[in-house]
Amino acid sequence: MVHVQELVDEIARLLDASVTLEDRSFQLVAYGAQSGDIDAVREEVILRRRATDATRAHFEAYGIATAEGPVRIPAIAGVLGRVCVPLRHKGVTYGYLWLLDSGDLTDDRLKTVEPLVARAAATLARESQTRQVPLDDLFSANPDTRAASAADLEGPLVAMATRAAPGQVAALWTLPHDVRIDLTLTHPAFLVPAAQARDVARRIQDMYGTATGVGASRQDAADAWESWREALGALRVAEARKIPIAYWDDLGVYRYLVKLPHSELAALAAEAAPLGELAATVECYLDHGGHVQETAAALGVHRQTLYYRLGRAAEATGLNLADGRDRLVLHLALKASHL
């Protein structure tokens, strides 16, 4: 984002201050040359490309997310005083401009850079909006519509889905330029070149702070709708299992369970309902292929304790855990219960 960098450099020159520009999630977008003293916060942001959660919480406590103008944040031990200028455009905060303050940043001096601040906010807003393209035709149920929409796309491609909070603004402009984005679907949707999938998935999850589902790769762009459906299924599993990123190819049996109608999934999960608090023990046992020693070690219990719990589980469900068919039913039921 060279144009934003130029604005940051000009603000730093006019104010003779150390400047950094971060997006709303505190990821570094641009920074100016160092002027005067430096503290650990500026150093960590430049080196790590984002502020820590503790730093973010400290600054947000001063109300920067809703402030209409500059916020002065006093110095504390190890942290220099600074001015935070929210980058707001049409009522939405897209980022923050940070200025280390040695005491010379008067209100009058800050007013001299207001036009540059407004341009920076508008630039971030424009970058966020222009990165978005409609993907509904590509994910359409109509094969002709999909084929027409895919004409200019080259595979292999991967679809991704995440969950956004109401009014949330993510730093979409920081993603690679060949990532296609649509925020109008049931969930924020992304179409990503397969070679970049792992990196982009991590960045999306970091931006939104919620779960992200990743579909399998498709060589033909006209088949990207299949990857999108997989991404939605993977997102569902990620949220149910409380994992940050779920890749369709890594989901195992969940790839089949998420395709079941809700009524059938509920009926299957009901098989495990009598287990109650024993469910975690039985699932661990089955996940370890019925290996008692490994299961006991994983649970941190004595083998006799495990045998006792398994006996109670058999009584509760009426299923024989020594029978492969009963074990299969119960294992599937426990996985279904998570969904």
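*Asks:* How should the sheet that holds strand 3 (residues 71-73) be read in this particular structure?
*Replies:* Across a sheet, paired strands are connected by hydrogen bonds in the backbone, their directions being either parallel or antiparallel. One open sheet holds the five strands; their spatial order is 2-1-5-4-3, and the pairing between them is antiparallel. A single partner strand is all that each edge strand has here, and the edge strands are strand 2 (28-31) and strand 3. If you compare each strand with its neighbour and ignore which way they point, the axes differ by 25° on average.

*Asks:* Sorry, what's going on with unusual backbone geometry here?
*Replies:* Residues other than glycine predominantly adopt negative phi, and peptide bonds predominantly adopt the trans conformation. Put simply, Gly155 and Pro156 share a cis peptide bond, and its omega is 0°. Following the sequence through the fold, Pro156 ends up in the loop between helix 6 (143-149) and strand 6 (157-162). The backbone of Lys90 shows a phi angle near 55°, a positive value even though the residue is not glycine. Note on placement: Lys90 falls in the loop between strand 4 (82-89) and strand 5 (92-100). A positive phi angle, close to 55°, is found at Lys242, a residue other than glycine.

*Asks:* Help me understand the packing of aromatic side chains in this model?
*Replies:* Any pair of aromatic rings gets described here by the distance separating the centres and the angle formed by the planes. The full count for this structure, using the stated rule, is four aromatic pairs. Both rings, one in Phe59 and one in Trp98, keep their centres 4.7 Å apart while their planes meet at 40°; by these two values the pair is tilted. Of this pair, Phe59 sits in helix 3 (residues 53-60) while Trp98 sits in strand 5, placing them 39 residues apart in sequence. Across this residue pair, the class does not change: Phe59 and Trp98 are buried. Look at Tyr96 and Trp98: their rings are 6.2 Å apart centre to centre, the planes differ by 50°, and that puts the pair in the tilted class. Since its relative accessible area comes to 1%, Tyr96 is described here as buried. Look at Trp98 and you get buried, because its relative accessible area is 5%. An aromatic cluster is present here, built from Phe59, Tyr96 and Trp98 joined pairwise through their rings. A cation sits over an aromatic face here: Arg198 above Tyr247, 3.7 Å from the ring centre.

*Asks:* Any chance you could explain the nonpolar core here in plain terms?
*Replies:* When a protein is soluble and globular, its nonpolar side chains tend to lie buried together. With 31 residues, the main nonpolar core has Leu135, Leu138, Phe139, Leu153, Leu191, Trp228 and Leu251 as its most contacted residues. Residue assignment for this core shows that the elements contributing at least two residues are strand 6, strand 8 (189-193), helix 8 (224-241), helix 9 (254-257) and helix 10 (262-270). In terms of residue count, the dominant contributor to this core is helix 8 (eight residues). Ignoring sequence-local partners within four residues, the contact set of Leu135 consists of Arg180, Ile181, Asp182, Leu185, Ala189 and Leu191. If you look at the next biggest cluster of nonpolar residues, it comprises 29 residues, including Leu21, Val83, Tyr94 and Val113.

*Asks:* Looking at this model, I keep getting lost on the sheet that holds strand 7 (residues 180-182). Mind explaining?
*Replies:* The mixed open sheet is built from five strands, whose spatial order is 7-8-6-9-10. Only two strands of the sheet have a single partner each, and these edge strands are strand 7 and strand 10 (245-247). Along the sheet, successive strands turn relative to each other by an average axial angle of 20°, direction set aside. Here strand 6 pairs with strand 9 (residues 212-214) via three bridges, running antiparallel. Residue pairing in the sheet places Met160 in a bridge with Val214 of strand 9. Across the face of the sheet, helix 7 (residues 197-208) comes into contact with strand 6, strand 8, strand 9 and strand 10 while running at roughly 15° to strand 6.

*Asks:* Where do I start with the packing of helix 11 (residues 279-287) against helix 14 (residues 324-338) in this structure?
*Replies:* Axis angle and axis distance: for two packed helices, these are the angle between their axes and the distance between the axes, and together they describe the pair. Running from N to C, helix 11 and helix 14 cross one another at 120°; their axes reach a closest spacing of 10 Å. Here helix 11 is positioned oblique relative to helix 14, judged by the angle of their axes. Pair helix 11 / helix 14 crosses with left-handed handedness. Residues Ala279, Val282, Glu283, Tyr285, Leu286 and Asp287 of helix 11 lie in contact with helix 14, whose contacting residues are Arg327, Leu330, His331, Leu334, Lys335 and His338. Each residue belonging to the contact of helix 11 with helix 14 can be placed in one class, and the counts come to six nonpolar, two polar and four charged.

*Asks:* I tried to follow the confidence of the model for the protein on my own but got confused; where do I start?
*Replies:* Atom-level detail of predicted coordinates should not be read off regions where pLDDT is low. Overall, the prediction assigns the protein a mean pLDDT of 87, with 97% of residues at 70 or greater. For the protein, per-element mean pLDDT is lowest for helix 2 (residues 40-48), which scores 75, and highest for strand 9, which scores 97.

Cut-offs applied
- Residues numbered from 1 in each chain as written.
- Predicted model: local features only at pLDDT ≥ 70, side-chain atom pairs only at ≥ 80, totals over all residues.
- Heavy atoms only, no water.
- Pairing = 2+ DSSP bridges.
- Helix = DSSP H or I, 4+ residues; strand = E, 2+ residues; numbered from the N terminus.
- Axes fitted to C-alpha atoms, helices over the stretch in contact; angles between N-to-C directions.
- Phe/Tyr/Trp six-rings, centres within 6.5 Å; stacked < 30°, edge-to-face > 60°.
- Buried < 20%, exposed > 50% of the residue type's maximum accessible area, 1.4 Å probe, protein only.
- Lys NZ or Arg CZ within 6 Å of the ring centre and 35° of its normal.
- Core = buried A, V, L, I, M, F, W, Y, C linked by side-chain atoms within 4.5 Å.
- Contact = heavy atoms within 4.5 Å.
- Parallel < 35°, antiparallel > 145°, perpendicular 65-115°, else oblique.
- Left-handed = near helix turned anticlockwise from the far one by under 90°.
- Nonpolar A, V, L, I, M, F, W, Y, C, P; charged D, E, K, R; others polar.
- pLDDT = per-residue confidence, 0-100.

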